[in-house]
Amino acid sequence: MKLTLTCLVVTALAVSAAKGQMQDNRDKKMTCEDRSRGDRVRHCDIREQTLAGGGRLGIDAGRNGGATVRGWLRNDVLVRARVDAWAETDAEAGLIAGQVRVDAVAGQVTASGPEPLNKAGWAVSYEIFVPQNTDITLKTFNGGVTISDVRGRMEFNAINGGIHLARIAGDVRGATVNGGVQVELAGSSWEGRQLEVSTQNGGVTIAMPESYSAHIQTETVNGGVHSDFLIGVQGKLQTGNLDFNLGSGGPLIHVSTTNGGVRLKRS
């Protein structure tokens, strides 16, 4: 009985330490400031909806707009949607914004609105707070993807937009076509099955602690690899395809780009 209790205590401490790497995000950062559309008049408003946390969330940012997902220590989901509309007059921009509908129901977040005209249109960007243990599917067309402090099964895709991941864990896969990739790892190793992320046009940077352990795979066609870590040789490597254990090894971290370099950075 004493041995069993000791094992339980050690396991609990390990889980607590893992969770301690993540942050409890509460600050609302998305605003309507600095969203110029040149010579067109812009209307902007931010809408909020609260949902029950169901363990899974799907997000479709539509044609125009990015998405930021942050984990917190609450059990509900807060969806903040910034609706931007632009036209030649204030009245037209306001009318377009009024026709944009943001739906956040049954674990799915989407938006719909009128067909864009020559000099008028709309976009919805998201700032979403979720329980730290949440599975996520996310897609954008013209907009970036940011996910931080979340643990779960995640799949995300972007066409024109960068990817920023920080302090995440689980089974994570994602890609963008045009945009860079920035990954910030914490702790001593990856918690979960793997991390796999790619871009076709953009560089990839992975920042991790000096003592981090992982199985690293990198691929690049038109670009090199620069490493702050000792990998047989240190510094700029001429080949972009590497497969090695960092530290004592661990779960797979696989990053790839076609046109761009790879940087392994000490955080």
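What counts, and where the lines are drawn
- Residues numbered from 1 in each chain as written.
- Predicted model: local features only at pLDDT ≥ 70, side-chain atom pairs only at ≥ 80, totals over all residues.
- Heavy atoms only, no water.
- 1 Å grid on protein atoms, 1.4 Å probe; cavity = no way out; pocket = protein on both sides within 12 Å on 5 of 7 lines; lining within 4 Å.
- Points joined across faces, edges and corners; volume = space filled by probe spheres on them.
- Pairing = 2+ DSSP bridges.
- Helix = DSSP H or I, 4+ residues; strand = E, 2+ residues; numbered from the N terminus.
- Phe/Tyr/Trp six-rings, centres within 6.5 Å; stacked < 30°, edge-to-face > 60°.
- Lys NZ or Arg CZ within 6 Å of the ring centre and 35° of its normal.
- Disulfide = S-S within 2.5 Å.
- Buried < 20%, exposed > 50% of the residue type's maximum accessible area, 1.4 Å probe, protein only.
- Arc of directions from axis to C-beta.
- Contact = heavy atoms within 4.5 Å.
- Polar contact = N/O pair within 3.5 Å; in protein donor to acceptor, adjacent residues only side chain to side chain.
- Axes fitted to C-alpha atoms, helices over the stretch in contact; angles between N-to-C directions.
- Core = buried A, V, L, I, M, F, W, Y, C linked by side-chain atoms within 4.5 Å.
- Salt bridge = Lys/Arg side-chain N within 4 Å of Asp/Glu carboxyl O.

S.K.: Talk me through the layout of surface pockets; I want residue IDs and the actual numbers.
M.R.: Where empty space is left in the structure can be found by rolling a water-sized probe over the atoms. Estimates place the volume of the largest pocket at around 220 Å³. Around the largest pocket sit 13 residues that line it, and Gly62, Arg63, Asn64, Pro116 and Trp122 are the ones nearest its centre. Of the pockets and cavities examined, the second largest pocket occupies roughly 180 Å³. Taken together, 15 residues line the second largest pocket, and the ones lying closest to its centre are Ala87, Glu92, Ile96, Leu117 and Ala120.

S.K.: Pulling in residues and values, what's your account of the pairing of strand E21 (residues 262–266)?
M.R.: Pairing geometry for strand E15 (residues 204–208) and E21, over five bridges, is parallel. Across the sheet, residue Thr205 finds its bridge partner in E21, namely Arg263. Here three bridges tie strand E17 (residues 225–231) to E21, and the two strands are oriented parallel to one another. Bridge pairing links Val225 to Val262 in E21.

S.K.: Pulling in residues and values, what's your account of the packing of aromatic side chains?
M.R.: Applying the stated criterion across every chain, the model contains one aromatic pair. In this structure, Arg266 packs its charged tip against the face of Phe229, placed 5.2 Å from the ring centre.

S.K.: Quick rundown of the state of the cysteines? Include the residues and the values.
M.R.: For the structure on display, the rule yields one disulfide. Paired through a disulfide, Cys32 and Cys44 show a sulfur-sulfur distance of 1.9 Å. Between Cys32 and Cys44 the disulfide shows an S-S torsion of about -75°. By sign, it is left-handed. Linking Cys32 in the loop between helix H1 (2–19) and strand E1 (41–52) with Cys44 in strand E1, this pair joins segments that are twelve residues apart in sequence.

S.K.: Explain helix H2 (residues 90–99) to me, using residue names and the numbers behind them.
M.R.: Burial in H2 covers these residues: Ala93, Ile96 and Ala97. End-on, the buried residues of H2 take up no more than an arc of 100°, which puts them together on one face. For H2, exposure combined with an orientation more than 90 degrees from the buried face picks out Ala91, Leu95 and Gly98. Where H2 is buried, its residues meet E1, strand E4 (76–87) and strand E7 (121–131).

S.K.: Tell me about the environment of His43, and name the residues and values.
M.R.: By the secondary structure assignment, His43 is in strand E1. Using a relative accessible area of 30% as the deciding quantity, one classes His43 as partly exposed. Separated by 48 residues in the primary sequence, His43 and Ala91 have C-alpha atoms spaced 9.2 Å apart. Within the local environment of His43, its side chain forms a polar contact with the side chain of Asp45, the two groups lying 3.4 Å apart.

S.K.: Can you lay out the sheet that holds strand E20 (residues 252–259) for me, pointing to particular residues and giving the numbers?
M.R.: Strand order in the open sheet formed by ten strands is E5-E6-E2-E8-E10-E12-E14-E20-E16-E19, with mixed pairing between adjacent strands. The open sheet terminates on both sides in strands that have one partner only, identified here as strand E5 (101–105) and strand E19 (242–246). On average, adjacent strands in this sheet sit at an angle of 10° to one another, irrespective of strand direction. By the bridge criterion, seven bridges tie strand E16 (residues 214–222) to E20 in an arrangement that is parallel. Counted as the bridge partner of Thr218 is Val255 from E20.

S.K.: How would you summarise the nonpolar core if you had to cite specific residues and measurements?
M.R.: Considering soluble globular proteins, one finds that nonpolar side chains tend to be buried as a cluster. Judged by nonpolar contacts, the single largest core of 59 residues is most densely connected at Ile59, Tyr126 and Ile147. Ignoring sequence-local partners within four residues, the contact set of Ile59 consists of Ala67, Val69, Gln108, Val109, Tyr126, Ile128, Ile136, Thr137, Leu138 and Lys139.

S.K.: Quick one: what's the story with the pairing of E20, residue by residue and with numbers?
M.R.: Pairing analysis gives seven bridges linking strand E14 (residues 194–201) to E20, with the strands arranged parallel. What sits directly across from Leu195, in E20, is Ile253.

S.K.: Run through the pattern of salt bridges, naming residues and quoting values.
M.R.: Scanning the model with the defined rule gives 19 salt bridges in all. Among the salt bridges present, the one from Glu127 reaches Arg80, with a minimum N-O distance of 2.5 Å. Of this pair, Glu127 sits in strand E7 while Arg80 sits in strand E4, and the two are 47 residues apart along the sequence. Accessibility classification places Glu127 together with Arg80 in one group, the buried group. Two residues, Glu88 and Lys119, come together in a salt bridge whose shortest N-O distance is 4.0 Å. Of the two residues, Glu88 is situated in the loop between E4 and H2 and Lys119 in the loop between strand E6 (108–112) and E7; the sequence distance between them amounts to 31 residues. Residue classification places Lys119 among the partly exposed residues on the basis of a relative accessible area of 42%.

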